[in-house]
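# Inside the fold
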Amino acid sequence: MQGVLTICRGIDAVTAFIGRQVKWLILAAIIVSTVNAIVRKVFDESSNAWLELQWYLFGAVFMFAAAYTLQRNAHIRIDVISSHLKKRTRDWIDLFCHIVFLMPFVLLMLWLCWPFFLESYRTQEMSMNSGGLIIWPAKAIILIGFVLLFFQALSEIAKRIAILAGQMDDPDDHGSMHATVATELAATGMDHPHGDRENGR
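Keep in mind that this is a model prediction, so the values were computed, not measured. (Residues numbered from 1 in each chain as written. Predicted model: local features only at pLDDT ≥ 70, side-chain atom pairs only at ≥ 80, totals over all residues. Heavy atoms only, no water.)

### What about the packing of helix α2 (residues 23-43) against helix α3 (residues 48-71)?
The contact between α2 and α3 brings their axes to 9 Å, and the two run at 165°. The orientation of α2 with respect to α3, classified from their angle, is roughly antiparallel. Here the hand of the crossing between α2 and α3 comes out left-handed. The segment α2 lies against α3, with L25, I26, A28, A29, V32, S33, V35 and N36 engaging W50, L51, L53, Q54, L57, F58, A60, V61 and F64. Across the contact of α2 with α3, the residue classes break down as 14 nonpolar, three polar and no charged. (Axes fitted to C-alpha atoms, helices over the stretch in contact; angles between N-to-C directions. Helix = DSSP H or I, 4+ residues; strand = E, 2+ residues; numbered from the N terminus. Parallel < 35°, antiparallel > 145°, perpendicular 65-115°, else oblique. Left-handed = near helix turned anticlockwise from the far one by under 90°. Contact = heavy atoms within 4.5 Å. Nonpolar A, V, L, I, M, F, W, Y, C, P; charged D, E, K, R; others polar.)

Right under this line is the structure:
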C-alpha cells in the first residue's frame, strides 16, 4: 500500500502544481478581455478570435482546476447532512461516491472526448465564426482536464482506502476547504442560525 501512496503523492503534486498555475490563465483572460474592449471602443475594431480566446482561457481554468478542486475537497456538498455523520461514515460515503459516481462519469467523458478531439485535430476544425480560432486546442483542453481528474480520482480512492484501513492520517481533517469554512463559522457564531440570540446579542 505504501507504494500506491507514493504514486498518489506524485499525482497530488502534479495536480497541485497545475491547480496553482491556473491563476495565470485568469490573468491572461482578463488582459485579453481588457485589450479587446479598449481596441473595440477606441479604434472601432474587433475580432471573433479575441472573444474565442477568452472562452478558451476561461474553459481551461475550469477544466484544469477540476482535479485540484477534488484534491482540496472543495466541491459543493450537502453539509447539512454529512456534517452530522461520524468521520468514518463520511469516509465510506466518499469512497462509495468516488467509485460508483465519479469514476464512471470520468471514464465516460474520456471515452467520448477522445474521438471528439481526434476528429477535430485530424480535420483541423476551424470555428464557424468569421475570423475565429482553430477548434481542436479547445477540445484538447477538455480531454486533458478529464485525464487529470481521472488520475486525481484514483489518488483520492486509494487514499480513502488507506485512511479507512488506518494506514494513513486524513489530511482533510484540518486542511480541507470545508473544514476551514466550518471552523471560521464556528468561531464567529455563524454556524447556528440563532447563534447571536443564544449568546445574548
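Let's pick the thread back up.
### With respect to the confidence of the model for the protein
In low-pLDDT regions, the fine details of the predicted coordinates are not to be read closely. Averaged over every residue, the pLDDT of the protein is 83; residues scoring 70 or more account for 82%. Within the protein, helix α9 (residues 195-198) has the poorest average pLDDT of any element, 47, and helix α6 (residues 136-164) the best, 93. Every residue in residues 179-185 scores below 50 in pLDDT, and together they form six contacts with partners more than four places removed in sequence or on other chains. Across residues 192-201, confidence stays below pLDDT 50; counting only partners more than four residues off in sequence or on other chains, it has three contacts. (pLDDT = per-residue confidence, 0-100.)

### Quick notes on the nonpolar core
Ranked by internal contacts, the top residues of the largest apolar core, which has 25 residues, are F64, V106, L110 and F146. Breaking this core down by element, the ones donating at least two residues are α3, α5 (87-123) and α6. With 10 residues, α6 is the single largest residue contributor to this core. If we ignore the near neighbours within four places in the chain, the residues touching V106 are F146, L149 and F150. (Core = buried A, V, L, I, M, F, W, Y, C linked by side-chain atoms within 4.5 Å. Buried < 20%, exposed > 50% of the residue type's maximum accessible area, 1.4 Å probe, protein only.)

### A few points about the pattern of salt bridges
If the charged atoms of two oppositely charged side chains come close together, the side chains can form a pair. Counting across every chain of the model gives six salt bridges. In this structure, the salt-bridge partner of K87 is D91, at a minimum N-O distance of 2.5 Å. Of the two residues, K87 and D91 both sit in helix α5, four residues apart, roughly one turn of that helix. Among the salt bridges present, the one from E156 reaches K159, with a minimum N-O distance of 2.9 Å. Here K159 and E156 lie together in helix α6, a separation of three residues that amounts to about one turn. Here the two residues E156 and K159 agree in accessibility, since each one is buried. Sharing partners across several salt bridges, the network here consists of D12, E156 and K159. (Salt bridge = Lys/Arg side-chain N within 4 Å of Asp/Glu carboxyl O.)

### What about unusual backbone geometry?
For N73, which is not glycine, the phi torsion reads 60° and is therefore positive. Checked against the element boundaries, N73 lands in the loop between α3 and α4 (79-82). Using a relative accessible area of 15% as the deciding quantity, one classes N73 as buried. Positive phi, normally seen in glycine, also occurs at Q124, with a value near 50°. Relative to the helices and strands, Q124 resides in the loop between α5 and α6. Assessed through its relative accessible area of 38%, Q124 is described here as partly exposed.

### Regarding the packing of helix α1 (residues 2-21) against α3
For the pair α1 and α3, interaxial distance at closest approach is 8 Å and the crossing angle is 120°. Taken together, the axis directions place α1 and α3 in an arrangement best described as oblique. Here α1 and α3 pass one another in a crossing that is left-handed. Contacts between α1 and α3 involve D12, T15, A16, I18, G19 and R20 on the former and, on the latter, F64, A67, Y68 and Q71. Across the contact of α1 with α3, the residue classes break down as five nonpolar, three polar and two charged.

### Some points on a nonpolar patch on the surface
A grouping of W24, L27, I31, V35, W50 and L53 is seen on the molecular surface, where their side chains present a nonpolar patch of about 540 Å² in accessible area. Every element with two or more residues in the nonpolar patch is listed here: α2 and α3. A total of four residues in the nonpolar patch trace back to one element, the largest contributor, which is α2. Structurally, the position occupied by W24 is in helix α2. (Patch = residues over 30% accessible without salt bridge, like charges linked within 9 Å, V, L, I, M, F, W, Y side chains within 5 Å. Areas by Shrake-Rupley, 256 points an atom, 1.4 Å probe, with all protein chains shown as cover.)

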